[in-house]
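Summary of structural features
Read off the chains here:
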There are 2 protein chains.
Amino acid sequence: MSDLLLIPGPIMVSSAVEEAASIQSLAHTSPEFVKIFQGALQKLRTVFQTSNAGDQPIVISGSGTLGWDIVGNNLLKSGDSALTISTGFFSDSFAECLKTYGADVDVLKSEPGKVVALDKIESQLKSKKYQLITLTHVDTSTATLLDLPSITSLVKKVSPETFIIVDGVCSIGCEEFKFSEWSVDFVLTASQKALSCPSGLSVSLISERALSYALSNESTHGFYANLKKWIPIMKAYEAGVGQYFATPSIQLVNALNVSLGEILSYGLEARIAKNKKTSDQFKNNLKQLGLTLVSEDSNSAHGLTAVYVDQPGKVISSLKSKGIVIAGGILPGIKDKYIRIGHMGISAIDDNLHHIDKVFEAIKESI
Amino acid sequence: MSDLLLIPGPIMVSSAVEEAASIQSLAHTSPEFVKIFQGALQKLRTVFQTSNAGDQPIVISGSGTLGWDIVGNNLLKSGDSALTISTGFFSDSFAECLKTYGADVDVLKSEPGKVVALDKIESQLKSKKYQLITLTHVDTSTATLLDLPSITSLVKKVSPETFIIVDGVCSIGCEEFKFSEWSVDFVLTASQKALSCPSGLSVSLISERALSYALSNESTHGFYANLKKWIPIMKAYEAGVGQYFATPSIQLVNALNVSLGEILSYGLEARIAKNKKTSDQFKNNLKQLGLTLVSEDSNSAHGLTAVYVDQPGKVISSLKSKGIVIAGGILPGIKDKYIRIGHMGISAIDDNLHHIDKVFEAIKESI
């Protein structure tokens, strides 16, 4: 029997998704696969909450990281200014990636587990013209959740031309997210988080206005992170027509279509509410043990928990000996002081599995 | 029951590989997954036929196309000259990709199904300094096989500093290929061809000398096609240590490890010989029907067959109605005049499946 996997991704997937990942190969332009890919792309519109047909969902073989490259390669030109709101390791890495594309990146950084004050963001946005702002909805290193509606409405007010970029890797599928209502221009995620699928797919959505910029951006490089190559393919598949640029991951796209179907059939809002409930209970239980969370209550993510413990290595080993896999810290400065427990997908949704009860009991016994 | 899939990739995979693609998720740095990834990387050394420990196998979530970007981003600088030996659509696309990275690319092009004469390559190499030469071992658009030992020994003689780059997408696993003996610097392939795995992994090997260049190349962009990010990760996994940059595709890497295991357990040489036998028989049978191959006998690939037919669309539909999926032409100029049949992996190896008999009979009935 395999371990109970409760890291902040990859997460355990349902048996239907497991099976979907092992269908026999299909031709990438066959009617059978076109229907699968079309289904996945269409469902993503609902999951990302877009109401504009001109926005375009994108699914490419790759990790979440590929989404950063898509932004760097397509949505700016070398020398452009970018603003990163950093709540941890992944926010900072996104900024690093953009720098390699020649962006001049300013980083507004919070203390671990805290967020950057709105007025600081406001004055920074007023100080110069930013091509884009990156917001890591949930920084997986600290379990810090941004108040996206407040920040995005501020950006629209102060600097409406700035592209709003959201790293939704650990949020899409388990946190409230409204692409159109919040005027987001690009959101990226990965298949192995709350989308509840195996790892291996970069999943994103680009707004009509950002797409228009990307398709006319003459400074893009290469093929693989170049939307000029991918967008016609995505539009074709979504319209029900197979078109070739690079071979998609047949089995993973099939698994994604099934996992998105499960999310929508449970109900997106219900799923997000259930994630919140699971997370709140787990966090409260940990606090009752006298433990301190890395992220403050008001900005704690609902798909994972980061909590300080005296001896993280000992806790992780003790849980592993009981067949439960959690993750260690990753934020420089405090990385050896805390543990991270993922609770997305079936682990958060299906109480009968008792995943969260089991990990809580095991933590209680090992601290 | 699903169709019999006989396109030049994705190909049908064995039941063990199918199952391997649907294991429950594992933590990407868990001892269990590290062992799987290590196994896949180690087996690739044998499959690519490298004898130098300083060469490095690379497995990244992506399609074969990503390999072109890895070359463009890491192995040249903007303004460098590159030489492409083109035997079809994929050779030309590789050149296009390199151009987007600023390379000045000369293309020596063959007639469809023919190869470029060695003396032409020689005089071109003598005409200027080339940073790299790209050789598409098998161009999947025409089923044309290059005589790699002759070309690579010519390059070593005439221009030893030029990096020898091989696109082995439709060759690795079914054609003789000797990385070290032929002094190749970079070879790229994709999981869904003769490696007999689901699609979704970019698989490559870089030589020690090219790696040394790549790690000191200051003109690279981004993260996802940047070897400075990936090489430490690959070295760590191969040494049995989990290290994080971007989440690997857990299930696909497991499937790759199983498929590589099957290739090596059959015997690499035996497998290549069996592919040749299957291909020769199939091609001879088609010729006995009075059909003409796109590629000449002396340079015909062994993993697929491209053959002229009067009405390709009709043949493809007729086969599809019988549950057999083959591919159409793709080379501009002749694309509406031929069909392509893939015969890699289990379809070529396991006579008991009668895949090739079935497709031959169906073609015979429909031309």
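Taking an unreviewed UniProt entry as the reference, chain A is identified by name as alanine--glyoxylate transaminase belonging to Kluyveromyces lactis. If you open the UniProt record of chain A and go to Sequence similarities (unreviewed entry), you find "Belongs to the class-V pyridoxal-phosphate-dependent aminotransferase family." In the Cofactor (unreviewed entry) part of its UniProt record, chain A is described as follows: "pyridoxal 5'-phosphate".

**Looking at the packing of aromatic side chains**
Scanning the model with the defined rule gives 28 aromatic pairs over all chains in all. Through a chain of ring-to-ring contacts, the aromatic side chains of A:W68, A:F94, B:F223, B:Y224, B:W230 and B:F245 assemble into a single cluster. A cation over a ring is seen here: A:K229 above A:F223, with NZ or CZ 4.5 Å from the ring centre.

**Re the relation of the copies chain B and chain A**
Its rotation angle being 180°, the transformation that places chain B on chain A also includes 0.0 Å of axial translation and leaves an RMSD of 0.0 Å. One copy is carried onto the other by what is essentially a two-fold rotation axis. Most of the interface of chain B is mirrored in chain A, where 100% of its interface residues are also at the interface.

**Comments concerning the packing of helix 5 (residues 118-127) of chain B against helix 6 (residues 148-158) of chain B**
All names here are of chain B. Axis separation between helix 5 and helix 6 bottoms out at 10 Å; the angle between their running directions is 25°. With respect to helix 6, the axis of helix 5 lies roughly parallel. Considering only the axes of helix 5 and helix 6, their crossing is right-handed. Between helix 5, through L118, I121, E122, L125 and K126, and helix 6, the contact on the second element is made entirely by S150, I151, L154, V155, K157 and V158. A breakdown of the residues in the contact of helix 5 with helix 6 according to their chemical character gives seven nonpolar, one polar and three charged.

Parameters and conventions
Residues numbered from 1 in each chain as written. Chains lettered and ligands numbered in written order. Predicted model: local features only at pLDDT ≥ 70, side-chain atom pairs only at ≥ 80, totals over all residues. Heavy atoms only, no water. UniProt positions renumbered as here; feature names shortened; annotations may be inferred. Phe/Tyr/Trp six-rings, centres within 6.5 Å; stacked < 30°, edge-to-face > 60°. Lys NZ or Arg CZ within 6 Å of the ring centre and 35° of its normal. Least-squares fit on C-alpha atoms with pLDDT ≥ 70 in both. Contact = heavy atoms within 4.5 Å. Axes fitted to C-alpha atoms, helices over the stretch in contact; angles between N-to-C directions. Helix = DSSP H or I, 4+ residues; strand = E, 2+ residues; numbered from the N terminus. Parallel < 35°, antiparallel > 145°, perpendicular 65-115°, else oblique. Left-handed = near helix turned anticlockwise from the far one by under 90°. Nonpolar A, V, L, I, M, F, W, Y, C, P; charged D, E, K, R; others polar.

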